[in-house]
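Structural overview for review
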Amino acid sequence: MEVTCLLLLALIPLHCRGQGVYAPAQAQIVHAGQACVVKEDNISERVYTIRESDTLVLQCLVSGHPRPQVRWTKTAGSASDKFQETSVFNETLRIERIARTQGGRYYCKAENGVGVPAIKSIRVDVQYLDEPVLTVHQTVSDVRGNFYQEKTVFLRCTVSSNPPARFIWKRGSDTLSHSQDNGVDIYEPLYTQGETKVLKLKNLRPQDYASYTCQVSVRNVCGIPDKAITFRLTNTTAPPALKLSVNETLVVNPGENVTVRCLLTGGDPLPQLHWSHGPGPLPLGALAQGGTLSIPSVQARDSGYYNCTATNNVGNPAKKTVNLLVRSLKNATFQITPDVIKESENIQLGQDLKLSCHVDAVPQEKVTYQWFKNGKPARMSKRLLVTRNDPELPAITSSLELIDLHFSDYGTYLCVASFQGSPVPDLSIEVNISSETVPPTISVPKGRGVVTVREGSPAELQCEVRGKPRPPVLWSRVDKEAALLPSGLALEETPDGKLRLERVSRDMSGTYRCQTARYNGFNVRPREAQVQLTVHFPPEVEPSSQDVRQALGRPVLLRCSLLRGSPQRIASAVWRFKGQLLPPPPVVPAATEATDHADLRLDTLTRDSSGSYECSVSNDVGSATCLFQVSAKAYSPEFYFDTPNPTRSHKLSKNYSYVLQWTQREPDAVDPVLNYRLSIRQLNQHNAIVKAIPVRRVEKGQLLEYILTDLRVPHSYEIRLTPYTTFGAGDMASRIIHYTEPINSPNLSDNTCHFEDEKICGYTQDLTDNFDWTRQNALTQNPKRSPNTGPPTDISGTPEGYYMFIETSRPRELGDRARLVSPLYNASAKFYCVSFFYHMYGKHIGSLNLLVRSRNKGALDTHAWSLSGNKGNAWQQAHVPINPSGPFQIIFEGVRGSGYLGDIAIDDVTLKKGECPRRQMDPNKVVVMPGSRAARLPSPQLWTSVTIFLLALQR
């Protein structure tokens, strides 16, 4: 009955299967990379274990209609961690040379707009074992009662690994333990980073002076080998000790060559020396060789701390630090404090006046200041005092105080900073005190309070400062918290009060504050003003592009909406159709105040009014465009990817058929679909077969089906499907179909494997044998292969047909075995029959064995069938009965004979429930190879097909 239905389906290519095939996404994660193991833990969590630097490959197998889109995301270590910002939109996630930091939980999210998304996860556990580190520490305790000292040595071994490492301590080649030696103790310390085991040598004895090895192991998980480190303990073992050739603080002049030597004064084994600089790396041109550090032509930027560290894994590292100071003077500033008690902000005769001077110096405490008045050194008196380190001012600041200011005190004061006896040039700053010296005021020039510019143009914000002297102006943002200026600074100094901005952007809009600085001017309350910056930019609209579908004769409304812009209004809107200007649409009185969108209404959609519409919206700064593609075209079909077993092969004819299924996307949006145009093209070929598929009214969610026949095994094809309505051709959809043989189901053991697919029906090569089976056909055979052995073609006799064989040429030797293992089957019947074709031709043929591997309790292999020796240049068929008691696998084992003329092949393997045919040909059914004179009878399967076909016609 099933065969009759199949023939009828072939006669009627298209039929429908109800409605509602739209289904939410389903997902399953499988691995295809270099996994060590994939297991389920106690809380049903999938764990994927992989070795560091191997390749991680995870596949998210999805089902659902329409075809779901897949997104991969990751958390660090647990479900509570935040997702990474980066995502992978692909069904396959591949990470080359995975690192330990890439372990964690990976999520596959599949969604297709139907129902809720499907989310599956798997935890990736990256395994690694670093090189161990061994350090030695010792303590000496004074036991006063017995007048001797007890020396205890601790050997600490630390390693980073996953999973946790196992430690083995050895003295020489002997393994140490508590029970065998009372003088040792092995324990795990508390509060340590990484994994650590300590070997404690109590009250050191002469035999304790030896070589000690710490061996770490992760028990060969993922094939990670053990690692070890050895240390030789002697009576001279000691931690490193250092001294420097210079003082810990070294002050030099710029341009000098600096050499610092770090000298070892102790340590066994010989310590290693290392120089470092903080912050940052060693200066460019610096040379660290052994314990000597050389810096040629040192500059101010080279100042900092230089560290010399000695390590020999005994005790703590020895460290010495040199603070290198390169003399420099920069940034001279002054302040005028008009009233020391701060009751007035103006300079007045009879009041005290203070002038302050500061220079940024290295070293700061070594700088000296000297004051001059009108070019002469200022003389100290009761009314003229010079102080240092004013608490209200920065450190190492010099102040000149004028008590009871007189008219004679007016003049020009000069502050000079210097390093005495140093070639570093002096730095000075000048300030004039007179009746014209007044505190500052600040204001915004008229008409400059609001600055309006276009995006991308330069802008200049200006504040005017009056007063004498005029201090610098400091700019900052006002209306945005913690917002930085375009320069990246929170506060920017401008000497002329102008803040210049290049290529302003819309996010620079806002309020800016200008204020006077308290240096290089009066030390009074800062004066401030504000400037508003407005940045005009072109409009942004939606939709930028939209596909509008509608049935012929129906109205269409097109709307272009303003999202943002400055100014935020539509000044004008222009519509075009196919590039031609359209008259302005009629103004609707109720919408005359609408300035955020522009509409165009088509009363009736026709073929002539279908096409491209463009709306150009302007806000007097620029314009933006909405594009509409209006038509009555049908949407594209949606291929159905969840068809069970869509491929049906016909091995003897070398053809196969494919069940193509699809739904129509939004069929009610346009006119009804009348038919489909189907194009079939074999890949790497130019010619295509085109067919028309008529349909009746198509409903949304209705599954349509067409059976593609006469496809050649094992070729792939490009399928193009285009719907047609009264409007004409709709959107085309395409996909590639591949010939695949079904991977045998664990429960349905009634499939034939022809080996035409690279997946070979789920069969795998045994990892414990000597060599592998090979898949090939007449076209892929080695032209230099050994003659007089092996089949020229597969069972069908066509050059494209594949089969499995063993190549027995060198380096194969007598008795080498190749095993091909089937998928695991669940035993649902008492008896099964394994049928297959074999080819055993050649004078050195060994043996072909069929084994059954039972999975009830472990893996137990039993022989079910065996054949040896030359059986002629012909394919022969065998039927082997088996009766497994539980889950099982079948194994084809090829054994190499005495020479290279011993190739064995198999093809068309079938596993069926029930007993094998009782009448079998002897030795077995023979299929004569092409070119033989023996006659070939029509196969009984062919007669059966013809009979059923005639019966179907009669009905």
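It should be noted that the structure appears before, not after, this text.
Attention here is on the structure that accompanies the text. Chains are numbered independently. Their residues run from 1 in the order of the written sequence. Only residues with pLDDT of at least 70 get local features here, since the model is predicted, and only at 80 or more are side-chain atom pairs given and counted; chain-wide, interface and lining totals rely on the full set of residues. The side-chain numbers reported here are obtained from all heavy atoms of the structure, hydrogens and water having been left aside.

**What to know about the side chain of T647**
Put simply, DSSP marks the helices as runs of H or I at least four residues long and the strands as runs of E at least two long, and each gets a number from the N terminus on. When you line up the elements, T647 lands in strand β53 (residues 647-650). Should any heavy atoms of two residues lie within 4.5 Å, those residues are counted as being in contact. Those residues within four positions of T647 in sequence are excluded, and the remaining contacts are Y656, S657, Y658, H738, Y739 and T740.

**Some words on the pairing of strand β9 (residues 118-129)**
In summary, the side chains of a regular strand alternate between the two faces of the sheet. As defined by bridge partners, strand β4 (residues 46-51) adjoins β9 across five bridges and the pair is classed as parallel. Residue pairing for β9: T49 is matched across the bridge by D125. Only when DSSP finds a minimum of two bridges between them are two strands counted as paired. Bridge analysis of strand β8 (residues 104-111) against β9 gives seven bridges, and the strand direction is antiparallel. Across the sheet, residue Y106 finds its bridge partner in β9, namely I122. Here β8 folds back onto β9, and the loop between the two strands holds six residues, one of which, G113, carries a positive phi near 85°.

**Digging into the sheet that holds strand β31 (residues 384-388)**
A sheet is described by the order of its strands in space; here five strands give the open sequence β31-β32-β28-β27-β43, paired in mixed fashion. What marks the edges here is a single partner per strand, and that holds for β31 and β43 (521-522). With two bridges joining them, strand β27 (residues 328-337) and β43 adopt parallel strand pairing. Of the residues in β43, the one forming a bridge with Q335 is G521.

**Details of the environment of Q682**
Among the structural elements, Q682 can be located in strand β55 (residues 675-682). The spatial distance from the C-alpha of Q682 to the C-alpha of L711 is 8.6 Å, given a sequence separation of 29 residues. Apart from the residues within four sequence positions on either side, Q682 is in contact with H715, S716 and Y717.

**Side note on the packing of aromatic side chains**
The geometry of an aromatic ring pair is captured by two quantities: the separation of the ring centres and the angle between the planes. Stacked, tilted and edge-to-face are the three classes assigned to paired rings of Phe, Tyr and Trp, where Trp is represented by its six-membered ring and a pair needs centres within 6.5 Å; plane angles under 30 degrees give stacked, over 60 edge-to-face, the rest tilted. Considering all chains together, one arrives at 14 aromatic pairs under this definition. Arranged with centres 4.8 Å apart and planes meeting at 55°, the rings of Y656 and Y739 form a pair that is tilted. Placement of the pair is Y656 in strand β54 (residues 655-664) and Y739 in the loop between β60 (733-737) and β61 (751-753), with a sequence separation of 83 residues. Three or more aromatic residues joined by ring pairs form one cluster here, namely F836, Y838, W865 and F892. If you follow R67 out to its NZ or CZ, it ends over the ring of F641, 4.7 Å from the centre. Sitting over the ring of Y802, R775 keeps its end group 3.6 Å from the ring centre. The rule is short: NZ of Lys or CZ of Arg within 6 Å of the ring centre and within 35 degrees of the ring normal puts a charge over the ring.

**Describing unusual backbone geometry**
Of note, the bond from K468 into P469 is cis; its omega dihedral lies within 30 degrees of zero at -5°. Tracing the chain through its elements places P469 in the loop between β38 (464-468) and β39 (473-477). The omega torsion of the bond from R810 to P811 falls at 15°, within 30 degrees of zero and hence cis. Tracing the sequence through the fold places P811 in the loop between β64 (803-806) and β65 (817-821). Of note, the phi angle at N331 is positive, near 55°, even though the residue is not glycine. Here N331 shows up in strand β27.

**Focus on the side chain of S217**
Looking at the element boundaries, S217 is found in strand β17 (residues 211-217). Note on exposure labels: buried denotes an accessible area under 20% of the residue type's maximum, exposed denotes more than 50%, and partly exposed covers the range between, all computed with a 1.4 Å probe on protein chains only. Taking the relative accessible area as the measure of exposure, S217 reaches 3% and is therefore buried. Setting aside chain neighbours within four positions, we find S217 in contact with L129, P164, A165, R166 and D226.

**Some words on the state of the cysteines**
Disulfides are defined in this document as cysteine sulfur pairs within 2.5 Å. Applying the stated rule across the entire model yields eight disulfides. Each sulfur of the disulfide joining C60 and C108 lies 1.7 Å from the other. Between C60 and C108, the disulfide has an S-S torsion of -55° and is therefore left-handed. Taken as a pair, C60 in strand β5 (residues 56-65) and C108 in strand β8 lie far apart in primary sequence, 48 residues in all. Residue classification places C108 among the buried positions, given a relative accessible area of 0%. With a sulfur-sulfur separation of 2.1 Å, C833 is cross-linked through a disulfide to C916. Linking C833 and C916, the disulfide has an S-S dihedral of approximately 110° and is accordingly described as right-handed. A residue pair is termed long-range when its members are at least 10 positions apart, and C833 in strand β66 (residues 832-840) and C916 in the loop between β71 (904-913) and β72 (925-928) qualify at 83 residues. Assigned by exposure class, C833 and C916 land together as buried.

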